[in-house]
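Listed below are the residues making up each chain.
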Amino acid sequence: MSNLAHRPVVLDIDHSVGPLPNRLVLPLEHWQESIRFGCSLAAIRRFGAMLDELLPADYGTVFTGSGDFHHLSWPLIARLQAQAPFQVVVLDNHPDNMRFPFGVHCGSWVRRVATLPQVSHVHVLGITSSDIGAGHAWENYLTPLRRGRLSYWSIGVDTGWSRRLGLAQAFRSFDTPAAMVDAFVESQRTQVTPSYLSIDKDVFAPVVAHTNWDQGRLLTDHALELIGSLRHGLIGSDINGEVSHYRYRSWWKRRLSALDAQPDIDTARLNDWQAQQHALNLQLLAAVARRSG
């Protein structure tokens, strides 16, 4: 495999990604207001068309910045042409399979990916958010769960409601991160397809990396073990969850962000948090490269 295939790409929308080795930077700040947090389907299609024009034939992990941009994983996955179906493995503190009536946003894109013909299954691992608890059950798109296209792997969340709706097979619940990791690693022993990996660093405990969303419980070693279990290699990957500060110009995005209870960024500590994020990025890149070689 060529060195280009391992060259990380930075979609530089919010200037939050540190100086990665041999990176390719695409300056895209002019997209920030229109696509951050969420956007129309027409906007995401335009963004995908732009990616087709700018991305080289071979590239490595794509960094998209803040977790507010996780929906950009959808066009990154949709553009991949594979000889056989592949699974999508998402490390995230949230299911990203929630209802959003205005197009697509960082918490609703998984449903779109689960419908792609080249995707055999989507696993979302590390969820500790109440988004999949009984109080928010109605907000989850149930069709991909019911059709066996999507599985939630959660830690410490009561998902008993799923059994009452006949969805128990789509929910894997655990008391500790270690138990979840062990179960997923074991499940991968019989997996025969390659994988696409998407990491939102809000899946990590704050001691590992601070983000601008509520956070999960994974430690770095948990993530490295999960990546290492993808035995048939990676056909692509992306990483988001950088910490960045932005004030929307449009009132409706300010309102939507407030409704999702995004925590405020401590700007006095932003540099320290970004340095912490950068160190983690280098570790994740190295682990991904071993699976992509």
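An account of the accompanying structure is given in this report. Each residue is numbered by its place in its chain's sequence as written, counting from 1. Local features in this predicted model are restricted to residues whose pLDDT is 70 or higher, and side-chain atom pairs enter the listing and the counts only when it is 80 or higher, whereas totals over whole chains, interfaces and linings include all residues. The side-chain quantities take in all heavy atoms of the structure and omit both hydrogens and water.

## Thoughts on helix 7 (residues 177–187)
Here is the rule: With a 1.4 Å probe rolled over the protein chains alone, any residue whose accessible area is under 20% of its type maximum counts as buried; one over 50% counts as exposed, and the rest are partly exposed. Labels follow the DSSP assignment, with helices taken as runs of H or I lasting at least four residues and strands as runs of E lasting at least two, numbered in each case from the N terminus. Whether two residues touch is decided by their heavy atoms; if any such pair falls within 4.5 Å, the residues are in contact.
All buried positions along helix 7 are accounted for by Pro-177, Met-180, Val-181, Ala-183, Phe-184 and Val-185. In this fold, the buried residues of helix 7 make contact with strand 5 (86–91), strand 7 (119–127), strand 8 (150–155), strand 9 (171–174) and helix 8 (220–228).

## Brief notes about the pattern of salt bridges
For clarity, the cut-off: The salt bridge criterion pairs a side-chain nitrogen of Lys or Arg with a carboxyl oxygen of Asp or Glu, the two atoms within 4 Å.
A full pass over the atoms with the stated rule returns five salt bridges. The salt bridge involving Arg-36 is made with Asp-14; its shortest N-O contact spans 4.0 Å. Of this pair, Arg-36 sits in the loop between helix 1 (32–35) and strand 3 (38–39) while Asp-14 sits in the loop between strand 1 (9–12) and strand 2 (24–27), placing them 22 residues apart in sequence. According to the relative accessible area criterion, Arg-36 is buried, its value standing at 2%. Between Asp-52 and Arg-79 there is a salt bridge, with the nearest N and O atoms lying 3.0 Å from each other. Of this pair, Asp-52 sits in helix 2 (residues 41–54) while Arg-79 sits in the loop between helix 3 (73–78) and strand 5, and the two are 27 residues apart along the sequence. With relative accessibility at 47%, the residue Asp-52 sits in the partly exposed group. One network of salt bridges, in which partners are shared, links Asp-14, Arg-36 and Asp-68.

## So, the nonpolar core
How we decide: The definition of a nonpolar core used throughout is a set of buried Ala, Val, Leu, Ile, Met, Phe, Trp, Tyr and Cys residues joined through side-chain atoms within 4.5 Å.
With 47 residues, the main nonpolar core has Leu-11, Phe-47, Ile-77, Val-88, Val-113 and Val-122 as its most contacted residues. Among the secondary structure elements, those contributing two or more residues to this core are strand 1, helix 2, helix 3, strand 5, helix 4 (109–114), strand 7 and strand 8. If one sorts the elements of this core by residue count, helix 2 sits on top with five residues. In contact with Val-122, not counting residues within four places along its chain, are Val-88, Val-90, Val-110, Val-113, Ala-114, Arg-149, Leu-150 and Ser-151.

## Points about the packing of aromatic side chains
Put simply, the rule reads: The aromatic pairing rule takes the rings of Phe, Tyr and Trp, using the six-membered ring of Trp, and pairs them if the centres are within 6.5 Å, calling planes under 30 degrees apart stacked, those over 60 edge-to-face and the rest tilted. Note on criteria: charge over ring means Lys NZ or Arg CZ within 6 Å of the ring centre, with the direction from the centre no more than 35 degrees off the ring normal.
Using the criterion set out here, one finds eight aromatic pairs in the structure. Residues Trp-153 and Phe-184 carry aromatic rings whose centres are separated by 5.3 Å and whose planes lie at 85° to one another, so their mutual orientation is edge-to-face. Taken as a pair, Trp-153 in strand 8 and Phe-184 in helix 7 lie far apart in primary sequence, 31 residues in all. Overall, the relative accessible area of 2% leaves Trp-153 in the buried class. Look at Tyr-246 and Tyr-248: their rings are 5.4 Å apart centre to centre, the planes differ by 85°, and that puts the pair in the edge-to-face class. Taking relative accessible area as the criterion, Tyr-248 reaches 5% and is therefore assigned buried. These aromatic residues form a ring-pair network of at least three members: Tyr-152, Trp-161 and Phe-171. Over the aromatic face of Tyr-141 sits the side chain of Arg-111, whose NZ or CZ is 4.1 Å from the ring centroid.

## Structural notes on helix 8
Where we set the bar: Note that the arc is computed from the directions linking the helix axis to the C-beta atoms.
Residues Thr-220, His-222, Ala-223, Leu-226 and Ile-227 constitute the buried set of helix 8. Projected down its long axis, helix 8 shows its buried positions confined to an angular sector of 160°, all on one face. Looking at the packing, one finds that the buried side of helix 8 touches strand 5, strand 7, helix 7, strand 10 (195–200) and helix 10 (270–292).

Purely geometric stuff here, so don't read any function into it on its own.
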